Amino acid sequence: MRVSSADGMPQVYIPAGSFRMGGMDVRRAPDEVPVHEVTIRAFWMDQLEVTNAMYALCVSAGVCKPPQSFESQRRFEYYENAEFKDYPVVYVTWGQAKTYCEWANRRLPSEAEWERAARGDDFRTFPWGEDKPDWRFANFNFIANDTSRAGSYPLGASPFGVLDMAGNVAEWTNDFYDFDFYLTSPLENPLGPSSSFSLNRVVRGGSLGDAEINIRVSKRSSVRGSNLNAVPGSDSYLGEFSPRIGFRCVEDE
């Protein structure tokens, strides 16, 4: 464990290794196959989802733009409310998440890095294993009605000790989304497709409003990312954003 000097984020070391990537349970979706072995270099991953207070540091530095809304799923005052400073930032676009990670001397994780950190070296369905999800492990299916304080579910930790990789907020990754990418994915350090006509990006982890089938470690979601070549501030430039999507960063070893 170490702490980032940029924003105080605790970081967890993910050692180099190989793992089986994809859906191995009966509820797997068609875009989660074929299951394939992937080898990943070592890296550091944020233990927590980036919080409101952390994100505000980047905004104060003049690098990041504020979230697209200061609300959360059911709270009218959230981002600027000190009561929720340690809760995950939401309503951030893919481009905003990318900018923040670069400001913090990190980057968005690849889809494969994200799943490696969530799954570890075995075939588990959830970050904590095979136990049926409930209120002890994760914030999902509206059991908490809104976001929870980052790191509130230690029993739901991944094998490496990364928290909130199931539920709370779903998380942007760097990869473009391709339904059939696993058919041709490189087996070492895959970075996703080189481009996407739709500009959709892979979002992982499921959110506070998702049923348990959507918080499995292999679940892939597709959300329109930012087009940083479009007119700044336009809908195309921003892409989609949501009270259920946040992010975390990684750093090379």
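Conventions we followed
- Residues numbered from 1 in each chain as written.
- Predicted model: local features only at pLDDT ≥ 70, side-chain atom pairs only at ≥ 80, totals over all residues.
- Heavy atoms only, no water.
- Pairing = 2+ DSSP bridges.
- Helix = DSSP H or I, 4+ residues; strand = E, 2+ residues; numbered from the N terminus.
- Polar contact = N/O pair within 3.5 Å; in protein donor to acceptor, adjacent residues only side chain to side chain.
- Contact = heavy atoms within 4.5 Å.
- Core = buried A, V, L, I, M, F, W, Y, C linked by side-chain atoms within 4.5 Å.
- Buried < 20%, exposed > 50% of the residue type's maximum accessible area, 1.4 Å probe, protein only.
- Disulfide = S-S within 2.5 Å.

A short note on the sheet that holds strand 10 (residues 250-252)
One open sheet accounts for four strands, arranged 1-2-5-10; its pairing is antiparallel. Strands with a single pairing partner mark the edges of an open sheet, and in this sheet they are strand 1 (2-3) and strand 10. Of the pairings in the sheet, the one linking strand 5 (residues 43-46) to strand 10 comprises three bridges and is antiparallel in character. Opposite methionine 45, over in strand 10, you have valine 250 as the bridge partner.

As for the side chain of threonine 147
By secondary structure assignment, the location of threonine 147 is in the loop between helix 3 (111-119) and strand 6 (170-176). A distance of 2.8 Å separates the side chain of threonine 147 from the side chain of arginine 75, its partner in a polar contact. Once residues within four sequence positions are removed from consideration, threonine 147 is found in contact with Arg75, Tyr78, Tyr87, Pro88, Val90, Asn139, Asn168, Val169 and Leu208.

Concerning the nonpolar core
One finds Val50, Tyr55, Val89, Tyr100, Leu108, Trp172 and Phe247 to be the most contacted residues of the largest nonpolar core, which totals 26 residues. Counting only elements with at least two residues in this core, the list comes to helix 1 (52-60), helix 2 (94-103) and strand 6. Of all the elements, helix 2 adds the most residues to this core, at four residues. Apart from residues no more than four positions distant in its own chain, tyrosine 55 is found in contact with Val50, Cys64, Lys65, Pro66, Pro67, Tyr79, Val89, Val92, Gln96, Tyr100 and Phe247.

As for the state of the cysteines
One covalent bond between the sulfur atoms of two cysteine residues makes up a disulfide. Evaluated as defined, the whole model comprises two disulfides. Between cysteine 58 and cysteine 64 runs a disulfide, and the two sulfur atoms are separated by 2.0 Å. Taking the torsion about the S-S bond as the criterion, the cysteine 58 to cysteine 64 disulfide, at about 75 degrees, is right-handed. Neither residue differs from the other here; cysteine 58 and cysteine 64 are each classed as buried. Sulfur-sulfur distance for the disulfide between cysteine 101 and cysteine 249 comes to 2.1 Å. Here the S-S torsion is close to -85 degrees, and the disulfide linking cysteine 101 with cysteine 249 is therefore left-handed. Here cysteine 249 lies in the loop between strand 9 (245-246) and strand 10 and cysteine 101 lies in helix 2, a separation of 148 residues in the sequence. As far as the burial class goes, cysteine 101 and cysteine 249 line up, both buried. For the chain, the bonded cysteines pair up as 1-2, 3-4 when numbered in the order they occur along the sequence.

Keep in mind that these numbers describe shape and distance, not what the molecule does.
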